Amino acid sequence: MKSFSSDENPSVKTVANSNNQLVVGTVISDQETPTFETVRIKLKAGQDLKPGTLVRIPVMRNEQTILIGRIRSAYECNPNERVESVGVRDALKIPKMHPTEEHSTRIFRLAEADLIEEIFNREFVENGEKKIKTETRAPQNLPNSGADVFIADVNEIVQTLGLEQDENQGLFIGETTSGTISKIILKRQSVQRHFFICGTTGSGKSYAMGVITEELVQKHKLPVVFIDTQDEYSELVKKLGGVVVEPGKDFSIRISSLTESELLDLLPEAMKKSPLQCDIVAKAFGELQTKLTNEDMAKFTLDDVLAKIPEVSAELTAKEGDIPRVIDAVQRRLGTLAKLKIFGHGVADWRKFLYPCVTINCKKLTSSQLQSVATAVLRELQNLRLRNHIPPYVAVIDEAHLFVPEGTSSPCKQIIREGVRIGRHHGICMVLLTQSPVDIDKSTIRQCNTRLVFALEPDQLDAIKGVKADATDEMLRALPKMPQGTCLLSGTYESVKHTIPVRIRKRNTEDSEGGKTPNIFEEMQEKWIKIIEELKTQGGE
Ligand SMILES: Nc1ncnc2c1ncn2[C@@H]1O[C@H](COP(=O)(O)OP(=O)(O)OP(=O)(O)O)[C@@H](O)[C@H]1O
Ligand SMILES: [Mg+2]
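Keep in mind that what you see is a predicted model, and the values were worked out from it rather than measured. (Residues numbered from 1 in each chain as written. Chains lettered and ligands numbered in written order. Predicted model: local features only at pLDDT ≥ 70, side-chain atom pairs only at ≥ 80, totals over all residues.)

**So, the overall build of the protein chain**
In terms of regular secondary structure, the protein chain is built from 15 helices and 19 strands. If you line up the protein chain on its principal axes, its C-alpha atoms span 100 × 85 × 45 Å. Looking at the protein chain as a whole, 41% of its 541 residues qualify as buried. A sequence separation of at least 24 residues applies to 72% of the contacts in the protein chain between residues at least 6 apart. (Helix = DSSP H or I, 4+ residues; strand = E, 2+ residues; numbered from the N terminus. Buried ≥ 20, exposed ≤ 12 C-beta atoms within 10 Å, placed from the backbone. Contact = placed C-beta atoms within 7 Å.)

**Observations regarding the site of ligand 1**
In the vicinity of ligand 1 there are 16 residues, among which T201, G204, S206, Y207 and G485 approach most closely. The greatest single-element share of the shell around ligand 1, amounting to three residues, is contributed by helix α3 (residues 205–219). Here the residues of the shell around ligand 1 sort into two nonpolar, ten polar and four charged. (Near = placed C-beta within 6 Å. Nonpolar A, V, L, I, M, F, W, Y, C, P; charged D, E, K, R; others polar.)

**Considerations on the sheet that holds strand β11 (residues 195–198)**
Taken together, eleven strands build an open sheet; the order of strands is β10-β9-β19-β18-β17-β11-β16-β15-β12-β14-β13 and the sheet is mixed. In this open sheet, the two strands that pair with only one neighbour each are β10 (183–187) and β13 (243–245). Sheet twist, expressed as the mean angle between neighbouring strand axes with direction ignored, is 25°. Pairing of strand β9 (residues 170–176) with β10, which is carried by five bridges, proceeds in the antiparallel orientation. Residue G170 lies in a different strand from β10, and its bridge partner there is K187. (Pairing = 2+ DSSP bridges. Axes fitted to C-alpha atoms, helices over the stretch in contact; angles between N-to-C directions.)

**Thoughts on unusual backbone geometry**
Across the chain, the bulk of peptide bonds are trans and the bulk of non-glycine residues have phi less than zero. Following T33, the chain continues into P34 via a peptide bond in cis, with omega recorded as 0°. For P34, the location among the structural elements is in the loop between β2 (22–28) and β3 (38–43). Each neighbour pair has its own omega, and for Y355 with P356 the value is 0°, a cis peptide bond. By the element assignment, P356 lies in the loop between α10 (350–354) and β14 (357–361). Backbone geometry at K93 places phi at a positive 55°, although glycine is not the residue there. Locating K93 in the fold gives a position in the loop between α1 (83–92) and β6 (108–126). Within the chain, N388 stands out as a residue other than glycine whose phi angle is a positive 65°.

**Focus on the domain arrangement of the protein chain**
By a widely used convention, the size of an interface equals the accessible area lost when the partners come together. If you check the domain split of the protein chain, you get domain 1 (15–161), domain 2 (184–251 + 347–486) and domain 3 (260–341). Each of domain 1 and domain 2 has a C-alpha centre, and these two points are 39 Å apart. Taken together, the six residues of domain 1 in the interface contact five residues of domain 2. Mapped by element, the contributors of at least two residues to the side of domain 1 that touches domain 2 are β5 (64–77) and β6. Looking at the side of domain 1 that touches domain 2 residue by residue, the class counts come to two nonpolar, two polar and two charged. (Domains from an automatic or database assignment.)

**Topic: the environment of T492**
Its place among the elements puts T492 in the loop between β18 (486–490) and β19 (500–504). Judged by the 14 C-beta atoms lying within 10 Å of it, T492 falls in the partly exposed class. Along the primary structure T492 and N449 are separated by 43 residues, whereas in three dimensions their C-alpha atoms are 6.1 Å apart.

**Quick look at the nonpolar core**
With 134 residues, the main nonpolar core has V55, V224, V394, A395 and C487 as its most contacted residues. The residues contacting C487, other than those within four sequence positions of it, are G199, A208, L452, V453, F454, M482, V502 and I504. (Core = buried A, V, L, I, M, F, W, Y, C linked by C-beta atoms within 7 Å.)

Below, the structure written as structure tokens:
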């Protein structure tokens, strides 16, 4: 079936049932439906239902319940507009004679909906008193053919999706895009099971991240730390009272926070090719770490590792005559890490840094420096949190495919995987954003239980199939045309029970957007043409 999305026509007369609710259609019976999963609905004349709209279908049989359907697709039947009829009309130049949908018995629209939830009243006794509670469950009743179909109301939407009702208690991120416009308020604890946000460039990922940050920081006072590869969050963070820091300039990281394999991953390529040099670094680092674990020391720095190299080199180098050369090579190459200035004495107190939020501006870093910074920051924060030295926090990683790539290894992969795997138990929340779900490690995104999927190129669609929750193929196929700022929200029982299109709300921190597309035409006119023409008139090379 083809999907359609024409706007509702307000001029069309509506049909109301006894409760004065708008009846948008009628459940029909054909050879395939209704089933427990699918229902087909003949729409009332002039009524349209957009894909993703939630509808209610009261069931009356042994039990009175309400089935909730989510519109998958629709199709229009109009025998007057078959190609032969249109051909005859065009050839004979005769106007349309047939009645409109309202007055026709042959023109109709048929929508198909997936039955996603059933709302029922559960009776129970409390303190000797009989009470009734409205609950939801997977559909267990078959819809009645001929039943009226209504647009679901706000309460039904909230119940069906398992959302938070109180805006102050949850994360208000946007609203439904069709049917009854209902606020989408995620349960705040959903962030503990991590978020994944993907979409093509300019689709609205960072904007949405800003909205989520407003909720986390302003409403729930949860610290947020950004690994900001494109300097997209500085304005927002400043507006929210946080700080913008540059690695190596405003803060450094203790090398002792890394694991041995992380340190080896960060070594210069030339060094990684020499097993002896790697062994020397590993042993020097390992011995210092043992001291640290035995609590002989509180931390160690890159200088401490460098100082340990001669002793370890002497132990591991077979030929005595080679020792000075080996020491020199290892110290020189390991010393290149010092150029980054990221490794130093560490942040005096992360607690002051983290709260209310901090963005680590990594725009000026090369890709290998970026890996060092992200690995070191995430590892240090996780270590501190596991020892309860810092409060819970949310780590936001934009361009996450660079850090947890699919297939290949990267220094950061281990710590991010650990974050999503164990974070929930320790108050470490992760948000991963990417333009390229094809390139990101699938086992990592599977651990992110709430997902916001913005417009994607068709070649990226397969990549999200593994995490699509109950999104239908129709929903996925519509993704390349998803408008900016609109996403498919999906999740699990804790966040959002069913996939639904969501329009992300406006940010309430004004002018907080970073990473806006610059006006290159204005820049040419106002700056470069003048400079270049002046250069040309000056002559010379
Ligand atoms: N929900 C929204 N409401 C209003 N404007 C929006 C919304 N979402 C996106 N925009 C606009 O679209 C622009 C691009 O969005 P955004 O910066 O979030 O893209 P992105 O997906 O992060 O792209 P990139 O991958 O290139 O960083 C924003 O600067 C903003 O002007
Ligand atoms: Mg962005």
